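# Observations on the three-dimensional arrangement
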Amino acid sequence: MNTTYLYLLVFAILVGSTDIEVNIVTFYPSASNSVSLLFGTIALSYGVIVSILLGLAGMKALLIALFYQHLKYEPRSLSSWVLIGLVMASLLMSLVFIQLHVH
Amino acid sequence: MAVSNTEVIFNNLYGLFTYLAILVGVVVFALMAFLIIKYRERKNSQDPDDTPRLGRIPMARGHGRNVVITLSLSTIIVVALIVGSFAAVDTLLTPPNGTWCYGLIPGFGAQSPLNSDCPRIDVIGHQFYWDFRYPGPHAHTDKFVFRLPVNGTVVLDVTSSDVFHDFGIIPFKIKTDAIPGRTNTIWFVPYQPGNYLIQCFELCGSGHYYMNATLTVMPVPAFQQWYNST
Amino acid sequence: MSQEILPARISRWLFTTNHKEIGILYIITSLFFFVAAGLLALTMRTQLSVSDNNLLSPDLYNQFVTVHGLLMIFWVLSPFAFGFANYIIPLQIGARDLAFPRLNAMSYWFYLVSGAAMIMSFAFGGAPDLGWTLYSPQTSFQFTPTIGLNVGAAGLILIVVSITMSSVNFLVTMFKMRAPGMKLKHMPVFPWAILVTIFMMLYAFPSFLAALLLLYVDRAFGTFYFSSIQGGALLWDNVFWFFGHPEVYIVLFPAIGIIADAISTFTRKPLYGSKYIIGSMIAAAIISFIVWGHHMFITGIGITSTKLYTVTTIAVSLPFDVMVIAMVETLVKARVRLKAAALFTLGAVGLFVIGGITGVYLASVALDHALRGTYFVVAHFHYIMVGASIMGLIGGLYYWFPKMTGRMYNEGLAKIHFIVSFIGFNILYFPMFLLLDMPRRIATYAPNTGWAALNLMSTVGGFIFGLAQILLFVNLFASLRRGAVSGPNPWEAWTLEWSLPSPPPAHDFDTIPTIAEDGTYHFGNSPGYPNGSGYPNGSKVGNGLAYSHLEGQSPWPVVVAFAAFIFFLGITIGQPSNPNVPVTFQPFWPLVLDGAILGIIALYGYSRERFPVHEETNVESWPFRGVPNVKLGIWTFLGAEVIFFGVLIGAYFFVRTNSATWPAVGSLFEVRSGFAMTLVLLTSSLTAIMALVSAKTGSRNGLMASLLATFGLGVAFLIIKATEWISLGASGVFSVANGLPATSYFITTGVHGVHVFAGMLMTLYLLVNTVKGRYLKGDYQAIEHFGLYWHFVDIVWVFLFPLFYLI
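The following paragraphs examine the structure supplied in this document. If you're wondering where the values come from, they're calculated on a predicted model, not measured in any experiment.

## Here we look at the interface of chain C and chain B
Contacts between the two partners involve 94 residues from chain C and, on the opposite side, 79 residues from chain B. Summed over both partners, the interface of chain C with chain B comes to about 7600 Å²; 67% of that surface belongs to carbon and sulfur atoms. In this structure, the connection of chain C to chain B is made through 12 salt bridges. The tally of links between chain C and chain B comes to 42 residue pairs in polar contact (both at pLDDT 80 or more). It is helix α10 (residues 303–329) of chain C that provides the largest number of residues to the side of chain C that touches chain B, a total of 13 residues. Along the lines of polarity and charge, the residues of the side of chain C that touches chain B split into 52 nonpolar, 25 polar and 17 charged.

## Some words on the pairing of strand β1 (residues 121–126) of chain B
Put simply, side chains in a regular strand alternate between the two faces of the sheet. In terms of burial, β1 of chain B is largely enclosed, as five of its six residues are buried. From the end of β1 of chain B to the start of strand β2 (residues 129–134) of chain B, which pair antiparallel, there are two residues.

## Concerning the packing of aromatic side chains
Considering all chains together, one arrives at 90 aromatic pairs over all chains under this definition. Just above the ring of Tyr606 of chain C sits the side chain of Arg102 of chain C; from NZ or CZ to the centre is 4.1 Å. Here Lys307 of chain C stacks its cationic end above the ring of Phe86 of chain B, 5.0 Å away from the centre of that ring.

## Points about the sheet that holds strand β3 (residues 140–143) of chain B
Residues and elements named next belong to chain B. The sheet built from five strands is open, its strands ordered β3-β2-β1-β5-β8 with mixed pairing. In this open sheet, the two strands that pair with only one neighbour each are β3 and β8 (184–188). The average angle at which neighbouring strand axes cross in this sheet is 25°, direction not considered. In the sheet, strand β5 (residues 154–160) pairs with β8 via five bridges, with the strands oriented antiparallel. Counterpart to Val155 in the pairing with β8 is Trp187.

## Observations regarding the interface of chain A and chain C
Reports often express the size of an interface as the amount of accessible area lost when the parts come together. Of the residues lining the interface, 48 residues belong to chain A; the matching set on chain C comes to 64 residues. Scanning the region where chain A abuts chain C turns up one salt bridge. A salt bridge links Glu74 of chain A to Lys631 of chain C; the shortest N-O distance between them is 2.5 Å. Taken together, the connections running from chain A to chain C amount to eight residue pairs in polar contact (both at pLDDT 80 or more). Of all the secondary structure elements, the ones that give two or more residues to the side of chain A that touches chain C are α1 (3–24), α2 (46–68) and α3 (76–101) of chain A. For the side of chain A that touches chain C, the leading source of residues is α3 of chain A, giving 19 residues. A class-by-class count of the residues in the side of chain A that touches chain C yields 34 nonpolar, 10 polar and four charged.

## Quick look at a positive patch on the surface
A contiguous patch of positive charge, built from Arg608, Arg610, Lys772 and Arg774 of chain C, is present on the exposed surface. Structurally, the position occupied by Arg774 of chain C is in the loop between α21 (739–771) and α22 (781–806).

## A few points about the arrangement of the chains
Sorting the two pairs of chains in contact by contact count puts chains B and C at the top. The least C-alpha distance between chain A and chain B, which are not in contact, is 11 Å.

## Quick word on the side chain of Ser684 of chain C
Residue and element names in this part refer to chain C. Assignment of secondary structure puts Ser684 in helix α19 (residues 671–697). A residue is classified by how much of its surface remains accessible, and Ser684, at 0% relative accessible area, is buried. Sequence-distant contacts of Ser684, defined by excluding residues within four places in its chain, comprise Thr710, Leu713 and Trp790.

Parameters at a glance
- Residue positions are given per chain, counted from 1 along the sequence in the order it is written.
- The lettering of chains begins at A and the numbering of ligands begins at 1, in the order of writing.
- Local features in this predicted model are restricted to residues whose pLDDT is 70 or higher, and side-chain atom pairs enter the listing and the counts only when it is 80 or higher, whereas totals over whole chains, interfaces and linings include all residues.
- Calculated side-chain values reflect all of the structure's heavy atoms, with hydrogen atoms and water omitted.
- Whether two residues are in contact is decided by their heavy atoms: any pair within 4.5 Å suffices.
- Two parts placed together each lose some accessible area under a 1.4 Å probe, and the buried area is that loss summed for both.
- Any Lys or Arg side-chain nitrogen located within 4 Å of an Asp or Glu carboxyl oxygen qualifies as a salt bridge.
- Any pair of nitrogen or oxygen atoms within 3.5 Å is treated as a polar contact; in protein, a donor-acceptor pairing is required on top of that, and neighbouring residues in sequence qualify only through side-chain atoms on both sides.
- Strands here mean DSSP runs of E at least two residues long; helices mean DSSP runs of H or I at least four residues long; both are numbered from the N terminus.
- Under the grouping applied here, Gly and all other residues not named as nonpolar or charged are polar, the nonpolar ones being Ala, Val, Leu, Ile, Met, Phe, Trp, Tyr, Cys and Pro and the charged ones Asp, Glu, Lys and Arg.
- Exposure categories follow from relative accessible area, calculated using a 1.4 Å probe and restricted to protein chains: below 20% of the type maximum is buried, above 50% is exposed, and the middle band is partly exposed.
- Any two strands between which DSSP finds at least two bridges are classified as paired.
- Stacked, tilted and edge-to-face are the three classes assigned to paired rings of Phe, Tyr and Trp, where Trp is represented by its six-membered ring and a pair needs centres within 6.5 Å; plane angles under 30 degrees give stacked, over 60 edge-to-face, the rest tilted.
- Ring-over charges, as used throughout, are those where CZ of Arg or NZ of Lys falls within 6 Å of the ring centre and within 35 degrees of the ring normal.
- Each axis is a line fitted through C-alpha atoms, and for a helix only the stretch in contact is used; angles between axes span 0 to 180 degrees, taken between their N-to-C directions.
- Each patch is built from residues that are more than 30% exposed by relative accessible area and take part in no salt bridge. Like charges join if they lie within 9 Å; nonpolar side chains (Val, Leu, Ile, Met, Phe, Trp, Tyr) join within 5 Å.
- The method behind every accessible area is Shrake-Rupley, applied with a 1.4 Å probe, and residues are considered shielded solely by the protein chains displayed.
- Charged residues are defined narrowly, with Lys and Arg counted positive, Asp and Glu counted negative, and His plus the chain ends left uncounted.
- Throughout, a charge is located at the NZ atom of Lys, the CZ atom of Arg, the CG atom of Asp or the CD atom of Glu.

Any functional reading would require information that these geometric values do not contain.
What follows is the structure in structure tokens.
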């Protein structure tokens, strides 16, 4: 596929996902009347929405990294810097989570 | 005789660690000294055959087997230390219900009817002194001198009103951090009447070095008399 | 090759980028800080030698103990080690310099100016005085209303920048510049130790940087990250020690590398189990990132966490057991030459054993209830940091002094130095184990504690140890002129640096050596080690060029460092007008502006300078084959940025979890503006990648348009953000009641905004060059590199948007 088309396709997915993210917050269960529910009665739990949002963000990040930063075509080793960083950051957050919530 | 139950716990565990530490240390130092002396350079000695020389990467040397032995022995030792530590910390961090109550001095480990509603003592750190807040019916706050009855189970809720302090009763070998917004709980049973030094163990400002107090452990009748008079 | 006439003027040292000269600068500067911090320590020991002493006021004592710790850890131990790394590593791997020589020089100058800032902090109402660990909330402006801590923090931020630049440099060098045949497994232990150390540095220091940034913002803007009673103290504790624990291994590992290699040389045997030693170092480095909770054992984090950290901390002792046993087994059937370096490194092993064993005591959460905050801890870490690390580094100094100067030191005096140091060390620190009842960091103590005798003994030991170091300096200074000529290999060692003359010529190797399959070295056609010219097997190995030393001079590193110094100084020395008002940000604008302008000019000059870097084509480069050096450097840097932003975002999670209430979605921030910002930034990523496409296809108009669009979109992003900030600020969001939601937002997106701004400056630079016709004839790398950075900034926003606006 022509690279320009590929980049435009990725861009379209990125924008589309952002649109989904913004609209999904209308599905929050909320007693306040400032949030209107799209289909009248559907509301997703807070945890589900947060998971969807972070999942979409992760997917967008992956697309940007793989295609705009070209990691898909680079030696695998190049991704290792960022992957190790992510592992470390996750360790930090997990262990602190345990500190805060597990007694 | 030990001054508190926490001192006993500490001494036992510290003793275990020290016994193993001396064992390991002596073995390693003796080995090192022996090897250095035995294989020291002498006028008539030659360089060994596998001496690394400039011009080539040295040969690999060593058996994986030795690594396995080292790791296994070390693991056995450290598992003992971990098991001992876990047992000790379970005791240290599990305060029994209740503390001394007016008119009711529960003994440690006794099957006495502990009233779990027995109030606990609050210890609050300030720059640069400790507040000791006694519960009712004679509720009051003391500074500098902290009176407690002997053989009574004491549960302290420690916090701070300003910065990060650390409350430690030195001879009892027990301490806990005093953090604003958090309450940390420690407990102990004093075994002997006497005066014991309390100091702050986290640098909290210019007065950190004199943020001290005295724990005075009193015989039960003397304590009750004192408490009733406050 | 002829000896170049080297200018001995100051400008040679100010403008050098040669790794050997920078190495010497690091070593000498670190020794200066060693003496300074050591004098602080001796003063403290004198104060503590008797009870109820008032030689040092408590305020001064607290400042001394803090600055002693900070100087030793940041300005002595690591720089001393990296002085050796700078000098020796390229030689040991068969390279002629580091990958980025000017960056290397810049690292050194940042180090120097940062040390100046730290020492200057004494003059601003008092140096930092809460221990090098700087616990919260005593570091908040409320409890520390003087600005010495700000200036000290500026010094720390500058040295973190220095270290990050070094990490990137060494990582690229060690992966991409090894001589042919110098596979990673053939490297001696010292390079491996440095490699492991810089991995830890890369991933630990960004956490410290984030912590320092948040601390500064708390103090300057009255935010509540660390001063909030909803967990602020523990947030600092976690973020600091997540960095702090790997840090103490960072200051230890280089010395272990020196010790291992020196033991091999002076026992005339190959190291026993060298691959296990290396494997253990890697294991210990990895585990070091999950043990930090042992510094928080009695903060009340819950029994599950404390047990977990007990296990991980005790587990990390296992690789060290393997290392020590391997070093001891090296002595079997050896021929031990007890030269000074051998004495110091073997002695260091012994002291390390004591330090390590007592570390296991402290790993037990149960024992920690008694030992935390006592002199037992002080003894433990001094046995490691002085006993293992400093002694090991001094061993390195004796080991490599002949190589660096061409002279031998006086062996007899060095042996006396060892004996007195070793005895003094133990008299100084062993009594501290017995002082396990005594709190740390107390300015004085009462007579009835009974601590006086041991304290006095410790002070006597301190003076013995401290004064013994005079022997080191006298020996080395005198030997510089009058020592016997050492020759290239006085120790008959095997590593590559000993194949060069002592001291090596400016260009190091005439011809880069090759390591053959059987492990033998080949230098051109000549047998043995002589540094011959010519090419083995008729093929070109390296370019054989010796470039004049003067070619490697550049003024920009020192100017950039100086600019950064005055910039940060200006930001931190502003005096608050009213100590009771939370928002005290009062930068001293003349310095800030001067620093910023000078910095931009210097960075521009740096980029424009034609600086020849000889990139060898025939090198070992696993696992980064085919990746150009600069690209590898950028990805390395982005790895560190992941931790930096990860910690900032983690801090946000932390404060949010600990808060009872948090504003609902859409109430504090307009989802609309966040959506707009996201679209703008995503589009700018598209234009950035299209710029690369244009550059590759040689389309000047396309490139100009894409870069302009990227710039414009970046500006739009910043404008939307600015309007948002202004409206939030005007509606009084910056108040105690709203505290953390707003401040966590401002700080996290603010840091991101600074990254966007930096990207804007880069885009402008690229635009200017595009006008001049660059990037269109196959030299598009700068566009690509900018893109890598820019897309990363976009990725960060992709996460920030939902985290702050949508949940």
